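# Close look at the chain arrangement
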Amino acid sequence: MSGHINDTEITDALVAEHGLTPDEFKMVCDHMERIPNYTELGVFSVMWSEHCSYKSSRKWLKKLPIDGPQVIQGPGENAGVIDIGDGDAAVFKMESHNHPSFIEPYQGAATGVGGIMRDVFTMGARPVANLNALRFGQPDHAKTRHLVAGVVSGIGGYGNCMGVPTVGGEINFDPSYNGNILVNAMCVGVARTDKIFYAAATGIGSPVVYVGSKTGRDGIHGATMASAEFDDASEEKRPTVQVGDPFTEKLLLEACQELMASDAIIGIQDMGAAGLTSSSVEMADKGGVGILLNLDKVPCRETHMTGYEMLLSESQERMLMVLKPGREPEAEAIFSRWGLDFAVIGELTDTGRMVVNHEGQTIADMPLAPLADGAPEYDRPHVPTPQAADFDMALLADAPDMADALTALMASSEVASRRWVYEQYDSMVMGDTLAGPGGDAALVRVHGTQKALAISTDVNPRYCFADPVEGGKQAVAEAYRNISATGATPLAITNCLNFGNPERPEIMGQFVGCLEGMGGAGRALDFPVVSGNVSLYNETNGTGILPTPAIGGVGLLKQLDKAIGNRFTAEGQTIYLLGDTAGHLGASLYQRDVLGNDSIFAPPTVNLAAEAAHGALVREAIDKGLIAAAHDISDGGLAVALAEMAIGHTIGAEITAQGDAGFWFGEDQARYVLAVTADNAMAFEALADGLPLHKIGTTTGAELKFGDTVTISVKQLHDLNEGWFPALMQG
Amino acid sequence: MQASVIVFPGSNCDRDVAVCVEAAMGTAPLMAWHGDATLPKSDLIVLPGGFSYGDYLRCGSMAANSPIMREVVAQAEKGAAVLGICNGFQVLTECGLLPGVLMQNKGLNFVCRNTRLKVSNNKTAFTAQYADGEEIIVPVAHNEGNYFANDDTLKQLQDEDRIAFTYAEGDNPNGACLDIAGICDKAGRIVGMMPHPERRAETALGGEDGKRMFTGIVEALS
């Protein structure tokens, strides 16, 4: 055959285009014992991309705590799995779709949501909740509105059609994301512990089966794109963004669930980043076998696709399975009933190699082990982030008064109500959403039981930038607090580590610092990491994002009728502040949005022993029915927490505590605001004996009164809080 | 009594509504497949919410032409009670069992939130357990819920008392004509509505206002 793509000469320029360094290419040649052909180069390039190989991050990821009696499956599979009792398991993961979402926000975000759901249902779980951690540039940046509208619409477009509720998440705005937005999608599913499916493929001769959508040319080299910085020409990368089809994924979900009810499946893996290549390499490598693929059998959407294109396509809604021999007919019957493609495209071999045939030729023949695990592990140079100075109290000299500061914060980009966003998400489908968006953590009932999962996503990138170690700790601690505030017990986390270019030592220093903090907090709070994702090179023209290691926490509430919310529920309740307040304003929202100051000051330190003790008290008190409402204190400090509790049901409060700006707006950690009815106050105080518990006021009326001097209408705070987002989007 | 929930490819509220029907009836409904040409004789047929056929053509139009719908229409004409919720309402208008059309929301975005509804007609087979004019809270979740019909049809609906639910004043989420949230046929046995009563049928989910749709029809048919 003349003009075959594999006849292309492998030049240095072609190697560089594939994102491999000269040293890496030499390693490839050593593994191959010859120069790879064009197709093989493409396969190595995606498997060894940062996105697939974690080559810059692996060394540090290994230091995270990943064990615990609750852990059934830690990192390394499609998603993490934890035990939630009664033979049930929660299966979850968070993943980034940053680069595609900046280039094409609707499809980028949609396929991010679709991809993370496939990771979860590949494991045998039914997805029951989606969350999204989103970061955009400054609100008035020329692209921000377009990106917000597109991303939100894409998330809704996919999740709503799938019939999986989107129950929570977070959104931040910061100029560092002007050229690199972050779209981190989390999915939580529920499975039976004895029906978890893994990727490992075993059994020489077992059929390799392709199911789902047809393969097109979309998304080729998406994983490589996600492993490079952006520049001004990044718009040209639009063709590498995949296009989502949630309807097909819904059918794929139902068909997989139906087949999974049988015992026909040996291994299953979704085709995500690097598509057919990574799914077949991972399955065969994990099973310690070889794989033979016949691309003539791959269902294609377009004509004249080369083997190279089929192997690297990131077309969505596809799965690869290894079935028990002879079970193909029953599997095919299920998939064709759901109107999906089903094709036997290969078989397992004992060669330890991946051999790919197409149109009568062997177009690739590669050893599997180096593809899967042979990418170099880099110990990139890293310099610790310099110790930031303490907050400069002199900045408070001309600070606005308390009322003005509070109203400004309630209408700030970080605190403002996200209603405009979450009303575009179906948060209630499946009929198990007990608490949707707007609470500290979302609560989703495990279908048919009296227990619920509490789920929250958290990180404060300002803290991580000023002090990566404390910031990394704080992200884990805040997820722990948000889950505890509902009454649930925190069980495990997933993470999505978004950073700039790891080849710059100061960025690598942020990464190392954040992971150190995260690991310490995970160990101290018995909150291990069971899955995750790393997204590096979030840079444009050499400017990186704030370090953003997003945490997705999952907890269990054993009796759902014990759950409480974060709004005042009635007048006459005693308001307590749990935790010590030093008045820490460094890296606070008050510093940024009230003082308008962007100097780097040290963020609050995290006392993990206090986090554990305070969390335990809150959970025990909720379990005993002593608490009416609980709210974690975070952005904007105590005053904002009180205002948020008030605006929910328009119930005001008289606050008798007194303090300065640091007291009201400081972001000291390990703190909660708790509302307790009069008849429970004594019992609660007794339970809290020995912990820093302060009575600070009483719920009453329709105003927030701070001492005798400051009175603000709750309705005014509500309206300010609700008004910001719609005003932004109307432009 | 026999109840059936029709499952189209892309239906995603089929389980949710089946849970409510079972709670009201004591036995699980039949989950009927869109591709089947026959449907066991059913006293109650529910067309659930979701994105049948991806909503890639006009919402509900593909489902309206699926084999099972010939059976649904035939049984409806013989007096079976039919409830179409959200996408199911769109299917009912597409197959001609109910008049009008559901257009894209006026605000151009998908909207999911609780809405206050007024029970405009408590004499249908589904609404007898509500007081006339009662205000209830039921959530919506749709992108195409903007009910539209020509003036003659709207007048006919009013004259024949066929508006089952309206959004309470100031709470119309989609721009629907006359604030219409749900309508019925002349006999009051076929009801289509955009709000999801199955999502508010137990206190754990915030309230039970939707539950009486299901207990009401079971009482009427038993």
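Going by the structure above, here's the rest.
This report concerns the structure included in the present document. (Residues numbered from 1 in each chain as written. Chains lettered and ligands numbered in written order. Predicted model: local features only at pLDDT ≥ 70, side-chain atom pairs only at ≥ 80, totals over all residues. Heavy atoms only, no water.)

To continue, consider the overall build of chain B. If you tally the helices and strands in chain B, you get six helices and eleven strands. The C-alpha radius of gyration of chain B comes to 15 Å, within 12% of the 17 Å expected for a compact globule of 222 residues. For chain B, the spread of C-alpha atoms along the principal axes amounts to about 40 × 35 × 35 Å. With 222 residues in all, chain B has 60% of them scored as buried. For chain B, the proportion of contacts with a sequence separation of at least 24, taken over those separated by at least 6, is 73%. Within the structure as shown, chain B displays about 8400 Å² of accessible surface, and the carbon and sulfur contribution to it stands at 49%. (Helix = DSSP H or I, 4+ residues; strand = E, 2+ residues; numbered from the N terminus. Rg over C-alpha atoms; globule rule 2.2 N^0.38 Å. Buried < 20%, exposed > 50% of the residue type's maximum accessible area, 1.4 Å probe, protein only. Contact = heavy atoms within 4.5 Å. Areas by Shrake-Rupley, 256 points an atom, 1.4 Å probe, with all protein chains shown as cover.)

For chain A, the count of helices and strands is 25 helices and 28 strands. Dimensions of chain A along its principal axes, counting C-alpha atoms only, are 90 × 50 × 45 Å. Split into buried and exposed, the 731 residues of chain A put 65% on the buried side. Taking the intrachain contacts of chain A between residues at least 6 apart in sequence as the baseline, contacts between residues at least 24 apart amount to 85%. The distance from the centre of the 48 positive side-chain charges to the centre of the 93 negative ones in chain A is 4 Å. (Lys, Arg positive; Asp, Glu negative; His and termini not counted. Charge placed at Lys NZ, Arg CZ, Asp CG, Glu CD.)

All names here are of chain A. In space, the six strands of this open sheet follow the order 14-15-16-21-17-18, with mixed pairing throughout. With one partner strand each, in any of the chains shown, strand 14 (433–435) and strand 18 (529–535) form the two edges of the open sheet. Averaged over all pairs of adjacent strands, the angle between strand axes in this sheet comes to 20°, irrespective of strand direction. One ladder, built from four bridges, connects strand 15 (residues 442–445) with strand 16 (residues 452–458); its direction is antiparallel. When the bridges of strand 16 are listed, Leu443 appears paired with Ala454. The strands touched by helix 19 (residues 505–524) are strand 17 (489–498), strand 18 and strand 21 (548–557); relative to strand 17, the strand with the most contacts, the crossing angle is about 175°. (Pairing = 2+ DSSP bridges. Axes fitted to C-alpha atoms, helices over the stretch in contact; angles between N-to-C directions.)

All right, on to the interface of chain A and chain B then. The partner chain B presents 25 residues to the 28 residues of chain A that form the contact. Here chain A and chain B share an interface that buries about 2100 Å² over both sides, 60% of which is from carbon and sulfur atoms. At the boundary of chain A and chain B, one finds three salt bridges. On the surface where chain A and chain B come into contact, there are ten residue pairs in polar contact (both at pLDDT 80 or more). Of all elements in the fold, only helix 8 (144–162), helix 10 (246–260) and strand 14 of chain A reach the threshold of two or more residues within the side of chain A that touches chain B. Take the side of chain A that touches chain B: its biggest share by element is four residues, from helix 10 of chain A. Of the residues that constitute the side of chain A that touches chain B, the class distribution is 13 nonpolar, seven polar and eight charged. (Buried area = accessible area lost by both parts, 1.4 Å probe. Salt bridge = Lys/Arg side-chain N within 4 Å of Asp/Glu carboxyl O. Polar contact = N/O pair within 3.5 Å; in protein donor to acceptor, adjacent residues only side chain to side chain. Nonpolar A, V, L, I, M, F, W, Y, C, P; charged D, E, K, R; others polar.)

Residues and elements named next belong to chain A. The backbone of Glu359 shows a phi angle near 50°, a positive value even though the residue is not glycine. Looking at the element boundaries, Glu359 is found in the loop between strand 12 (353–358) and strand 13 (361–367). At Asp526, a position not held by glycine, the phi torsion is positive, near 50°. Residue placement: Asp526 occurs in the loop between helix 19 and strand 18. Taking relative accessible area as the criterion, Asp526 reaches 44% and is therefore assigned partly exposed.

Attention now moves to the nonpolar core. Ranked by size, the top nonpolar core spans 142 residues in total, and within it A:Phe335 and B:Tyr147 carry the most contacts. The contact partners of B:Tyr147, leaving out residues within four places of it in the chain, are B:Phe89, B:Pro99, B:Gly100, B:Val101, B:Leu102, B:Leu154, B:Leu157, B:Ala176, B:Cys177, B:Ile180 and B:Ile183. If you look at the next biggest cluster of nonpolar residues, it comprises 65 residues, including A:Phe92, A:Met94, A:Val190 and A:Val476. (Core = buried A, V, L, I, M, F, W, Y, C linked by side-chain atoms within 4.5 Å.)

So, on to the packing of helix 8 of chain A against helix 10 of chain A. Residues and elements named next belong to chain A. Interhelical geometry of helix 8 versus helix 10 gives an angle of 35° and a closest axis separation of 8 Å. The way helix 8 lies across helix 10 gives a crossing that is right-handed. Note on element contacts: helix 10 touches helix 8 through Pro246, Phe247, Glu249, Lys250 and Leu253, opposite Gly157, Tyr158, Cys161 and Met162. Taken together, the residues of the contact of helix 8 with helix 10 sort by class into six nonpolar, one polar and two charged. (Left-handed = near helix turned anticlockwise from the far one by under 90°.)

Next up on the list: the sheet that holds strand 12 of chain A. All names here are of chain A. Here we have seven strands laid out as an open sheet, ordered 8-10-7-11-9-12-13, and mixed in their pairing. Strands with a single pairing partner mark the edges of an open sheet, and in this sheet they are strand 8 (265–270) and strand 13. Within the sheet, the average angular offset between the axes of one strand and its neighbour, ignoring direction, is 20°. As paired elements, strand 9 (residues 290–294) and strand 12 share four bridges and run parallel to each other. Within strand 12, the position partnered with Leu293 by the bridge is Val356.

Moving on, we come to the pairing of strand 11 (residues 341–349) of chain A. For strand 7 (residues 207–212) of chain A and strand 11 of chain A, the ladder comprises six bridges, and the chain directions are antiparallel. Directly across from A:Pro207, in strand 11 of chain A, lies its bridge partner A:Glu347.

Take the pairing of strand 9 of chain A next. Here strand 9 of chain A runs beside strand 11 of chain A; their pairing, made up of four bridges, is antiparallel. Bridging across to strand 11 of chain A, A:Leu293 finds its partner in A:Gly346.

Residue and element names in this part refer to chain A. Within the secondary structure layout, Phe706 lies in strand 27 (residues 703–706). Separated by 662 residues in sequence, Phe706 and Phe44 place their C-alpha atoms 63 Å apart. If we ignore the near neighbours within four places in the chain, the residues touching Phe706 are Met402, Leu406, Leu642, Ile655 and Trp664.

Let us now look at helix 13 (residues 328–337) of chain A. All names here are of chain A. Among the residues of helix 13, Glu328, Ala331, Ile334 and Phe335 are the ones counted as buried. The arc that holds every buried residue of helix 13, seen down its axis, measures 130°, which confines them to one face. Packed against the buried residues of helix 13 are strand 7, helix 10, strand 10 (318–323) and strand 11. Trailing helix 13 by a residue or two, Gly339 shows a phi angle of about 75°, which is positive. (Arc of directions from axis to C-beta.)

Turning our attention to the pattern of salt bridges. Residue and element names in this part refer to chain A. All told, the structure shown has 52 salt bridges over all chains when counted by the stated rule. Between Asp263 and Arg327 there is a salt bridge; the shortest N-O distance is 2.9 Å. Of this pair, Asp263 sits in the loop between helix 10 and strand 8 while Arg327 sits in the loop between strand 10 and helix 13, and the two are 64 residues apart along the sequence. For Asp263, a relative accessible area of 44% corresponds to the partly exposed category. Between Arg462 and Asp635 there is a salt bridge, and its shortest N-O distance comes to 3.1 Å. A residue pair is termed long-range when its members are at least 10 positions apart, and Arg462 in helix 17 (residues 461–466) and Asp635 in the loop between strand 23 (629–632) and helix 22 (637–649) qualify at 173 residues.

Glancing now at helix 19 of chain A. Residue and element names in this part refer to chain A. Look at helix 19: 28 Å from first C-alpha to last across 20 residues, which is about the 28 Å you get at 1.5 Å a residue. Of all the 20 residues making up helix 19, 14 are buried; the element is thus mostly covered by neighbouring parts of the structure. Downstream of helix 19 by a residue or two, Asp526 has a phi angle that is positive, lying close to 50°. (Expected span 1.5 Å × (residues − 1).)

The next subject is the packing of aromatic side chains. Counted according to the given criterion, the structure contains 20 aromatic pairs over all chains. Centre to centre, the rings of A:Phe44 and A:Trp48 are 5.3 Å apart; their planes meet at 90°, and the pair counts as edge-to-face. For A:Phe44, a relative accessible area of 0% gives the class buried. Owing to a relative accessible area of 0%, A:Trp48 belongs among the buried residues under this scheme. Taken together through their ring pairs, the aromatic side chains of A:Phe136, A:Phe173, A:Trp420, A:Trp724 and A:Phe725 make up a single cluster. The ring of A:Trp60 is capped by A:Lys59, whose NZ or CZ atom sits 5.0 Å from the centre of that ring. Above the ring of B:Trp33, the side-chain terminus of A:Arg337 is found at 4.1 Å from the ring centroid. (Phe/Tyr/Trp six-rings, centres within 6.5 Å; stacked < 30°, edge-to-face > 60°. Lys NZ or Arg CZ within 6 Å of the ring centre and 35° of its normal.)

Residues and elements named next belong to chain B. Within the structure shown, the criterion is met by zero disulfides over all chains. Here Cys86 stays unpaired: no disulfide links it, and the sulfur of Cys13, its closest cysteine neighbor, is 6.6 Å away. The closest cysteine sulfur to the non-disulfide-bonded Cys184 is located on Cys95, 15 Å from its own sulfur. (Disulfide = S-S within 2.5 Å.)

To continue, consider the side chain of A:Gln73. Mapped onto the secondary structure, A:Gln73 falls in strand 1 (residues 71–73). Dropping the residues within four chain positions of it, A:Gln73 is found in contact with A:Ala79, A:Gly80, A:Val81, A:Met123, A:Tyr198 and A:Val530.

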